[in-house]
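Structure at a glance
These are the residues of each chain, in order.
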Amino acid sequence: MEKRRLIIVGSGPAGYTAAIYAARADLQPLLFTGIQPGGQLTTTTDVENWPGEVEGIMGTQLMENLKAQALRFGTEVVDATVADIDLSVRPFKMKTEQGEYEADAVIVATGASAKWLGVPGEDNLKGKGVSACATCDGFFFRDKKIVMVGGGDSAMEEAIFLTRFAETVTVLVRRDELRASKIMQKRAMDNSKIKFLWNTETKELIGTDKLESVKVLNNKTQEETDVPADGFFVAIGHKPNTDFLNGQIELDENGYIKNIPGTSKTSLEGVFACGDVIDPWYRQAITSAGTGCIAALDAERWLINQE
Ligand code: NDP
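Attention here is on the structure that accompanies the text. What you see is a predicted model; the values in this text were computed from it and never measured. (Residues numbered from 1 in each chain as written. Predicted model: local features only at pLDDT ≥ 70, side-chain atom pairs only at ≥ 80, totals over all residues. Heavy atoms only, no water.)

In the contact formed by helix H4 (residues 153–162) and helix H5 (residues 182–189), the axes pass within 9 Å of each other and the chain directions differ by 30°. As far as their axial angle goes, H5 and H4 are roughly parallel. Regarding H4 and H5, the two cross each other, and that crossing is left-handed. Across the interface between the two elements, Asp153, Met156, Glu157 and Ile160 of H4 pack against Met184, Arg187 and Ala188 of H5. Here the residues of the contact of H4 with H5 sort into four nonpolar, no polar and three charged. (Axes fitted to C-alpha atoms, helices over the stretch in contact; angles between N-to-C directions. Helix = DSSP H or I, 4+ residues; strand = E, 2+ residues; numbered from the N terminus. Parallel < 35°, antiparallel > 145°, perpendicular 65-115°, else oblique. Left-handed = near helix turned anticlockwise from the far one by under 90°. Contact = heavy atoms within 4.5 Å. Nonpolar A, V, L, I, M, F, W, Y, C, P; charged D, E, K, R; others polar.)

Turning our attention to the sheet that holds strand E16 (residues 224–228). Taking strand neighbours across the sheet as the criterion, the three strands line up as E14-E15-E16 in an open arrangement whose pairing is antiparallel. The open sheet has two free edges, formed respectively by strand E14 (200–206) and E16, since each of these has just one partner strand. Adjacent strand axes in the sheet meet at a mean angle of 30°, parallel and antiparallel pairs treated alike. Across six bridges, the pairing between E14 and strand E15 (residues 213–218) is antiparallel. Paired with Thr202 across the strands is Val216, a residue of E15. (Pairing = 2+ DSSP bridges.)

To continue, consider the site of the ligand. As a matter of local geometry, the ligand sits amid 16 residues, with Asp153, Ser154, Arg174, Arg175 and Arg179 nearest to it. Here Gly152 contributes a backbone N or O atom positioned 3.3 Å from an oxygen atom of the ligand. Arg283 is positioned with one of its side-chain polar atoms (N or O) 3.4 Å from an oxygen atom of the ligand. Per-element tally for the shell around the ligand: the top contributor is H4, with three residues. Grouping the amino acids of the shell around the ligand by side-chain chemistry returns five nonpolar, five polar and six charged. When residues of the shell around the ligand are assigned to domains, at least three fall in each of domain 1 (2–113 + 238–306) and domain 2 (116–234). (Near = heavy atom within 4 Å. Polar contact = N/O pair within 3.5 Å; in protein donor to acceptor, adjacent residues only side chain to side chain. Domains from an automatic or database assignment.)

As summarised here, the arrangement of the five strands in space is E10-E17-E11-E12-E13, forming an open sheet in which the pairing is parallel. Edge positions in the sheet fall to strand E10 (130–131) and strand E13 (194–197), since each has one partner strand and no second. Where E10 and strand E17 (residues 231–234) come together, two bridges link them in parallel fashion. From the neighbouring strand, Ser131 faces E17, where its bridge partner is Phe233.

What follows is about the packing of helix H1 (residues 13–24) against helix H6 (residues 285–306). It is the contact of H1 with H6, at a shortest axis distance of 7 Å, that shows an interaxial angle of 35°. Seen along the crossing, H1 lies across H6 with a hand that is right-handed. Counting all contacts with H1, which are made through Pro13, Ala14, Thr17, Ala18, Tyr21 and Ala22, the residues of H6 involved are Ala285, Ser288, Ala289, Gly292, Cys293, Ala296 and Leu297. Considered class by class, the residues forming the contact of H1 with H6 number 10 nonpolar, three polar and no charged.

Counted at 1.5 Å a residue, the expected span for H1 with its 12 residues is 16 Å, and the 16 Å between its end C-alpha atoms agrees. Buried residues of H1: Pro13, Ala14, Gly15, Tyr16, Thr17, Ala18, Ala19, Ile20, Ala22 and Ala23, and no others. In the core, the buried residues of H1 are packed alongside strand E1 (2–9), strand E2 (30–32), helix H2 (59–72), strand E5 (76–78), strand E8 (99–108) and H6. Looking one or two residues past H1, Asp26 carries a phi angle of roughly 65°, positive in sign. (Expected span 1.5 Å × (residues − 1). Buried < 20%, exposed > 50% of the residue type's maximum accessible area, 1.4 Å probe, protein only.)

A few words on the nonpolar core. Across soluble globular proteins, nonpolar side chains show a tendency to be buried alongside one another. Core analysis: the largest hydrophobic core is formed by 30 residues, its most contacted members being Leu6, Ile8, Leu62, Ile107 and Phe272. Elements that contribute at least two residues to this core include exactly E1, H1, H2, E8 and H6. Top element by residues in this core is H6. It accounts for seven residues. With residues near it in sequence (within four places) discarded, Leu62 still touches Leu41, Val47, Trp50 and Ile57. Counting 23 residues, the second-largest nonpolar core is a separate cluster that includes Ile7, Val78, Val82 and Phe92. (Core = buried A, V, L, I, M, F, W, Y, C linked by side-chain atoms within 4.5 Å.)

With that out of the way, let us pick up the packing of aromatic side chains. What the rule picks out here adds up to seven aromatic pairs. Between the aromatic rings of Phe32 and Tyr101, the centroid separation amounts to 5.0 Å while the plane-to-plane angle is 75°, which identifies the pairing as edge-to-face. Placement of the pair is Phe32 in strand E2 and Tyr101 in strand E8, with a sequence separation of 69 residues. Given a relative accessible area of 1%, Phe32 falls into the buried group. Judged by relative accessible area, which is 5%, Tyr101 ranks as buried. Seen in terms of ring centroids, Phe272 and Trp302 are 6.3 Å apart; in terms of plane orientation they differ by 70°. Their pairing is edge-to-face. Pair noted here: Phe272 is in strand E19 (residues 271–273) and Trp302 is in helix H6, with a separation of 30 residues, a long-range link. In terms of burial, Phe272 and Trp302 fall into one category: buried. Directly above the aromatic system of Phe73 lies the positively charged group of Arg24, at a separation of 5.2 Å from the ring centroid. A cation over an aromatic ring shows up here: Lys126 above the ring of Trp116, its NZ or CZ 4.1 Å from the ring centre. (Phe/Tyr/Trp six-rings, centres within 6.5 Å; stacked < 30°, edge-to-face > 60°. Lys NZ or Arg CZ within 6 Å of the ring centre and 35° of its normal.)

In structure tokens form, the structure reads like this:
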């Protein structure tokens, strides 16, 4: 069993920023990348709002840069996923496919993943017209017909974004009202390219090599119809990646880690959290990086106090 002072779980902007700060504080952190090395930004194209990158930067390049910066100061980056973690005793213990590790302190930066519908055709057609990231893939649907599902702020924001490219955006809403804030609802409803289908559920995505149509059900009339579509975007929220914690630290009702406000401290001493795994609201690369920095500073202070 290998022992470290600090282990960081997750490799998005939060994890790597925590690693840069912790490595520069001489904590020699080890970072597990998890199943999606580089995190959600690796599924996006241009990032135009990362401060300092005047011309914008590709998401993958930004993550490679953050990794290189973390390595430069001595972070050990391991391509592995934490399958099991025991936070009941210190040092904390974790199992990965690369072996077992112990750590005095842990920073959880495992982010969140887009939710999918789980309907027939969805898996097969991912990347062939089906996407959960409008900013990543909207560009491919210039003058095309897009159908999207969701009724929250993300869905409205993405529908409006998609009208830059698409001929039409049809939003499927499973109830007869939106969850989105009034201002976002108004913006979407005022957009002539956006149409809403109310009380409408997605039953199946149809197509073999590429999406052709979406089978929908009106849950009031029980009528099924096929809506022709070149693109289908899922915007039904995100799920924080906290299952692996097995309830050992306090989570909110949606599964996000509860931290002590203004800090990265969790309900368990020595365990810190940062990035999208604590944040259903802002979900930006820069806010994640900011909380990653906070987590490294909190962990460093905590470790010093233990000595
Ligand atoms: P939300 O949880 O707010 O909304 C999810 C939406 O998807 C709801 O309309 C929900 O329907 C619908 N939905 C969920 N599951 C299904 C399903 N299986 N089939 C069909 N529809 C489904 O998630 P968001 O990602 O939109 O937002 C997350 C948070 O981020 C919110 O707090 C939001 O306000 C915030 N945000 C703010 C923005 C802004 O202010 N500009 C932009 C983006 C996000 P139902 O209502 O029936 O449950």
